[in-house]
Amino acid sequence: MIKYFLRRLLQAIPTFFGVTILSFLIILAAPGDPVAMITWGPNINTEANEAMRRQLGLDQPPLTQYVYWLIGNDWTFIDIDGDGAGDKRGDRYGILRGDFGKSIKNKRPVMQQILRRVPATLRLGVAAITIGFLMGVVLGVLAAVFHRTWIDQAIRIISVVGNAVPQFWLGLLLIIVFGVQLDLLPISGMQNITRRGGFDLADALRHMILPVFVLSLNWIAFLSRFTRTQILEVLQQDYVRTAYAKGLNNKVIWVRHALRNGLLPVATFLGPAIGTVLAGAVIIEQVFAWPGMGKLIIDAVFARDYPVVMGSVVIASVMFILGVLLSDIMYVIIDPRIRLE
């Protein structure tokens with residue numbers, strides 16, 4: 001198990017660097033100039049813009065900027081030993097050293113901004129994944145149990161609609177209906193900013209209903225169809241037919257044979273689901289003004305704040321890679337027929 005884990009971890013290293021290189025080139029190729037957005041004004045001259053661009057290292061070639069972003073270049077040259085020559089000394093920043101640098105827009109450390117937003121995104125993502133998996137598996141099992149009935153047809157329609165409807169459109173529609181017209185649920189934020197006092201669980205749950213529902217709908221739709229297909233496929237296997245021929249009870253066949261083997265592949269989706277939390281949150285947090293990492297990324301993209309965007313990409317990449325690795329290990333653990341070799 002340890003060798004398998006280490007091998008998979010080593011395979012993830014080139015994947016990580018590949019994602020960072022592509023993301024870095026895309027953000028550099030995007031239109032807009034962060035220096036121009038910061039120094040915009042009628043009295044700003046070209047020399048001031050160029051000086052700031054040199055200070056931020058944006059005048060360097062793309063490859064040099066990428067290397068600086070990885071290992072850093074923040075070195076000061078001072079005479080330490082008194083020989084009249086500049087000696088290299090200073091603190092070096094770079095993601096390989098755990099330092100993502102500072103934001104171009106507000107000069108604050110990137111990691112500090114990300115860590116402040118992570119709890120909000122995790123609250124939204126964990127709730128959406130939990131509800132998505134529970135509802136998706138339950139609906140999939142019901143669709144398989146009541147195969148070719150109106151229950152099966154209704155669940156299949158829900159899954160198709162859930163996959164087809166764009167998240168941003170559904171979020172805006174729910175805001176209009178439940179937040180504006182019916183005035184039943186809050187439409188933005190994590191809590192009521194006008195309320196005094198400490199944390200209010202009921203108010204926090206009310207703010208989570210709409211974004212969690214929209215974020216979990218895709219997982220509900222996908223897992224319900226996948227679970228239904230897997231269970232129906234298991235029911236066609238020879239060992240299930242043998243169980244019926246032996247006269248076993250239908251409940252025993254469904255629980256010990258159909259569900260136990262049909263739900264094994266479903267468990268492997270938990271890892272990628274954790275890794276894709278941030279991807280779905282980018283849209284949902286912007287629609288519902290949820291102060292998480294997704295909204296931080298959108299604001300950074302519009303501001304051309306390269307360090308914040310790339311820092312968020314690194315965190316998202318690590319989350320997804322670890323999620324896939326967790327999925328592989330989980331599949332080996334729950335299914336002894338898989339051989340690590």
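One structure accompanies this document, and this report is about it. Because the structure is predicted, anything quoted here is derived from the model rather than measured.

### Let's talk about the environment of Val35
Here is step 1 of the chain: Relative to the helices and strands, Val35 resides in helix H2 (residues 34-38).
Here is step 2 of the chain: Residue classification places Val35 among the buried positions, given a relative accessible area of 0%.
Here is step 3 of the chain: Between the C-alpha atom of Val35 and that of Met52, which follows or precedes it by 17 residues, the distance is 6.9 Å.

### A short note on the packing of helix H5 (residues 110-145) against helix H14 (residues 293-302)
Here is step 1 of the chain: Packing of H5 against H14 brings their axes to within 7 Å, and their N-to-C directions diverge by 135°. Considering the angle they form, H5 stands oblique to H14. Only Met293, Gly294, Lys295 and Leu296 of H14 make contact with H5, whose side of the interface consists of Gln113, Ile114, Arg117, Val118 and Thr121.
Here is step 2 of the chain: Its residues assigned to classes, the contact of H5 with H14 shows four nonpolar, three polar and two charged.

### A look at the nonpolar core
Here is step 1 of the chain: Among the nonpolar cores identified, the biggest contains 22 residues, and Trp69, Ile95, Phe100, Ile114 and Val314 are the most heavily contacted of them.
Here is step 2 of the chain: At the level of secondary structure, the elements contributing two or more residues to this core comprise helix H1 (2-29), helix H4 (62-71), H5, H14 and helix H15 (306-334).
Here is step 3 of the chain: When residues in this core are grouped by element, the largest group, six residues, is from H15.
Here is step 4 of the chain: Beyond its immediate sequence surroundings of up to four residues, Ile114 is in contact with Phe100, Met293, Leu296, Gly311, Ser312 and Ile315.
Here is step 5 of the chain: Residues Ala128, Leu174, Met190 and Leu210 belong to the second largest nonpolar core, which totals 18 residues.

How each quantity is defined
- Counting restarts for each chain, with residues numbered from 1 along the sequence as it is written.
- Local features in a predicted model are, by the rule used here, given only for residues with pLDDT of at least 70; side-chain atom pairs are given and counted only at 80 or more, and totals for whole chains, interfaces and linings are based on all residues.
- For side-chain calculations, the full set of non-hydrogen atoms in the structure is used, while hydrogens and water are omitted.
- Helix and strand definitions follow DSSP, with helices as H or I runs of at least four residues and strands as E runs of at least two, each counted in order from the N terminus.
- Buried residues are those whose accessible area, probed at 1.4 Å on protein chains only, stays under 20% of the maximum for their type, while exposed residues exceed 50% and partly exposed ones sit between those limits.
- In this description, a line fitted to the C-alpha atoms serves as the axis of each element, helices being fitted only across the stretch in contact, and the angle between N-to-C directions of two axes falls anywhere from 0 to 180 degrees.
- When describing relative orientation, an angle under 35 degrees is termed roughly parallel and one over 145 degrees roughly antiparallel, while 65 to 115 degrees is termed roughly perpendicular and anything else oblique.
- Contact definition: two residues touch when any of their heavy atoms are within 4.5 Å.
- Under the scheme applied here, ten amino acids are nonpolar (Ala, Val, Leu, Ile, Met, Phe, Trp, Tyr, Cys and Pro), four are charged (Asp, Glu, Lys and Arg), and all others, including Gly, are polar.
- Buried Ala, Val, Leu, Ile, Met, Phe, Trp, Tyr and Cys residues form a nonpolar core when they are joined through side-chain atoms within 4.5 Å.

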